[in-house]
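If you want the building blocks of each chain, they are given just below.
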Amino acid sequence: MPHATAATPPSGHRPRWWTELPLIAVVYGLYSMGRLLVHENIPAAVDNGLAILRLEKALHLNAEHPLNRLLTANPALGIPADFAYASLHYLVTPAVLVWIFRRRSAAYRAARTWLMTSTLLGLVGFTLMPTCPPRLLDAHHGFVDTMAQYSSYGWWGAGASAPRGLSGMTNQYAAMPSLHVGWAVWCGVLLWRHGRHPLVRAAGVAYPLLTVLVVMGTANHYFLDAVAGAAVMTVGALLTRPFMRIADRVKDRVRTAFARVPATVTPAKSTIVSAGCKTSAGERIPGQRTASADPSDARTLSPAEADDDAPAAAR
């Protein structure tokens, strides 16, 4: 996915964690709140889940049943798979994001924008197509909820990866697309593209594949959910560059608007030292004169007035 992973031209400064962290927190908060606010239309979700299952059977893609039976029959596989489903989604993704921020700062902005864009696209999918996961279908469809089966080994209960007693805080019918798989694809691409050690690049390949097996084996997603998760990440990668250009234009316009705001003008002080004060002949201290005191406006004084204006020393 070159559009989303290529290094961006240097913008003149390194991203600052104290600006990036609130931005990511706000976007993730909006995603979480939006997911909770999506109405759980259970009948429609069940119909959509069964439609996906029928389509997979018609295409001979039904790998969920054998994987689910394998994990329910073997606790040594099922318990680690449940831990992986409940935790890696929230650990590996931030770790890769921090790694890119610290070690590959030139590619960080594109990687962050790609992740955010795809996550919001996933929210649109949850809204438009509520989907019942295999584990919540009627038992006669042949699926076992491994998270419930092995709940005594972890912090989760019957509400998938939600902590025990907090299943009401998550929308359990948001299965299409699978962002577990989508985020794993994001991690895998970045590890493969920017990792220098062979083990890092191998992890970039193994992690998405392992996630696909886990989400199907634990009966949390259908195979087509995983395909949709990868498709969402692909669309997000294609939209990354346009979104970054739009963001740059908005920033430029905001800066221009602030630059046009005139600064407060401080009144200039008079350059005249006397500030309008004039000294008449015989005065030691200047006195403020009005316009009428100007010599051009002087009138001829009568002898009596002239005698009154004479200095006391001359009398």
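## What about the overall build of the chain?
Working step 1: Along the chain, the regular secondary structure elements total eleven helices and two strands.
Working step 2: Traced from its N-terminal end to its C-terminal end, the chain shows the element sequence α-α-α-α-α-α-α-α-α-α-β-β-α.
Working step 3: The 315 residues of the chain split such that 38% are buried.
Working step 4: Sequence-distant contacts in the chain: of pairs separated by 6 or more residues, those separated by 24 or more amount to 79%.
Working step 5: When the accessible surface of the chain is summed, it comes to about 18,600 Å², and 66% of that surface belongs to carbon and sulfur atoms.

## Topic: the packing of aromatic side chains
Working step 1: This model, assessed by the stated rule, comprises five aromatic pairs.
Working step 2: Aromatic pair Phe83 and Trp156: ring centres 4.9 Å apart, planes at 80 degrees, arrangement edge-to-face. Residue Phe83 is located in helix α5 (residues 75–103), and its partner Trp156 is located in the loop between α7 (146–149) and α8 (179–194); the two are separated by 73 residues in the primary sequence.
Working step 3: Residue classification places Trp156 among the buried positions, given a relative accessible area of 0%.
Working step 4: Judged by centre distance (5.3 Å) and plane angle (80 degrees), the ring pair of Trp155 and Trp156 falls under edge-to-face.
Working step 5: Here Arg201 stacks its cationic end above the ring of Trp192, 3.9 Å away from the centre of that ring.

## As for the pattern of salt bridges
Working step 1: Going through the model one piece at a time under the given rule, you end up with two salt bridges.
Working step 2: In this structure, Arg109 and Asp248 form a salt bridge, with 2.8 Å as the shortest nitrogen-oxygen distance. One end of the pair, Arg109, is in helix α6 (residues 105–128); the other, Asp248, is in helix α10 (residues 223–260), and 139 residues separate them in sequence.
Working step 3: Note that Asp145 and Arg135 form a salt bridge whose closest N and O atoms lie 3.3 Å from each other. Pair noted here: Asp145 is in the loop between α6 and α7 and Arg135 is in the loop between α6 and α7, with a separation of ten residues, a long-range link. For the pair Asp145 and Arg135, one class covers both residues: buried.

## Remarks on the nonpolar core
Working step 1: Counting 36 residues, the largest nonpolar core has Val96, Ile100, Trp114, Val181, Trp186 and Leu190 as the members making the most contacts within it.
Working step 2: Where this core is concerned, the elements lending two or more residues are α4 (64–73), α5, α6, α8, α9 (198–217) and α10.
Working step 3: The element best represented in this core is α8, accounting for nine residues.
Working step 4: Excluding its chain neighbours within four sequence positions, the residues that come into contact with Trp186 are Thr93, Val96, Leu97, Ala111, Trp114, Leu115 and Met233.

## Concerning the confidence of the model for the chain
Working step 1: Of all residues in the chain, 69% have pLDDT values of 70 or greater, and the mean over the chain is 80.
Working step 2: Confidence, read as mean pLDDT per element, is least for helix α11 (residues 303–309) in the chain (50) and greatest for α9 (97).
Working step 3: Note that residues 290–298 has pLDDT below 50 and, in this model, three contacts with residues that lie over four places away or in other chains.
Working step 4: A low-confidence stretch, residues 309–315 stays under pLDDT 50, and its non-local contacts, those more than four residues away or across chains, total four contacts.

## Details of the packing of α6 against α8
Working step 1: Packing of α6 against α8 brings their axes to within 10 Å, and their N-to-C directions diverge by 165 degrees. Judged by the angle between their axes, α6 and α8 are roughly antiparallel. Crossing handedness for the pair α6 and α8: right-handed. Across from Ala107, Ala111, Trp114, Leu115, Ser118, Thr119, Gly122 and Phe126 in α6, the residues of α8 making contact are Leu179, Trp183, Trp186, Val189, Leu190 and His194.
Working step 2: Taken together, the residues that form the contact of α6 with α8 break down as ten nonpolar, four polar and no charged.

## Regarding a nonpolar patch on the surface
Working step 1: Among the surface-exposed residues, Phe243, Ile246, Val250, Val254 and Phe258 lie close enough to one another that they form a single nonpolar patch of about 490 Å² accessible area.
Working step 2: Within the secondary structure, Phe243 is located in helix α10.

## Re empty space enclosed by the protein
Working step 1: Counted by the stated rule, this structure contains one cavity of 30 Å³ or more.
Working step 2: Its volume calculated, the largest cavity comes out at about 80 Å³.
Working step 3: Ala84, Tyr85, Leu88, His89, His180, Tyr207, Leu210, Thr211, Val214 and Val215 together form the lining of the largest cavity.
Working step 4: Element by element, the count of residues in the lining of the largest cavity is highest for α9, at five residues.
Working step 5: Among the residues forming the lining of the largest cavity, the class breakdown is seven nonpolar, three polar and no charged.

Procedures and definitions
Residues numbered from 1 in each chain as written. Predicted model: local features only at pLDDT ≥ 70, side-chain atom pairs only at ≥ 80, totals over all residues. Heavy atoms only, no water. Helix = DSSP H or I, 4+ residues; strand = E, 2+ residues; numbered from the N terminus. Buried < 20%, exposed > 50% of the residue type's maximum accessible area, 1.4 Å probe, protein only. Contact = heavy atoms within 4.5 Å. Areas by Shrake-Rupley, 256 points an atom, 1.4 Å probe, with all protein chains shown as cover. Phe/Tyr/Trp six-rings, centres within 6.5 Å; stacked < 30°, edge-to-face > 60°. Lys NZ or Arg CZ within 6 Å of the ring centre and 35° of its normal. Salt bridge = Lys/Arg side-chain N within 4 Å of Asp/Glu carboxyl O. Core = buried A, V, L, I, M, F, W, Y, C linked by side-chain atoms within 4.5 Å. pLDDT = per-residue confidence, 0-100. Axes fitted to C-alpha atoms, helices over the stretch in contact; angles between N-to-C directions. Parallel < 35°, antiparallel > 145°, perpendicular 65-115°, else oblique. Left-handed = near helix turned anticlockwise from the far one by under 90°. Nonpolar A, V, L, I, M, F, W, Y, C, P; charged D, E, K, R; others polar. Patch = residues over 30% accessible without salt bridge, like charges linked within 9 Å, V, L, I, M, F, W, Y side chains within 5 Å. 1 Å grid on protein atoms, 1.4 Å probe; cavity = no way out; pocket = protein on both sides within 12 Å on 5 of 7 lines; lining within 4 Å. Points joined across faces, edges and corners; volume = space filled by probe spheres on them.

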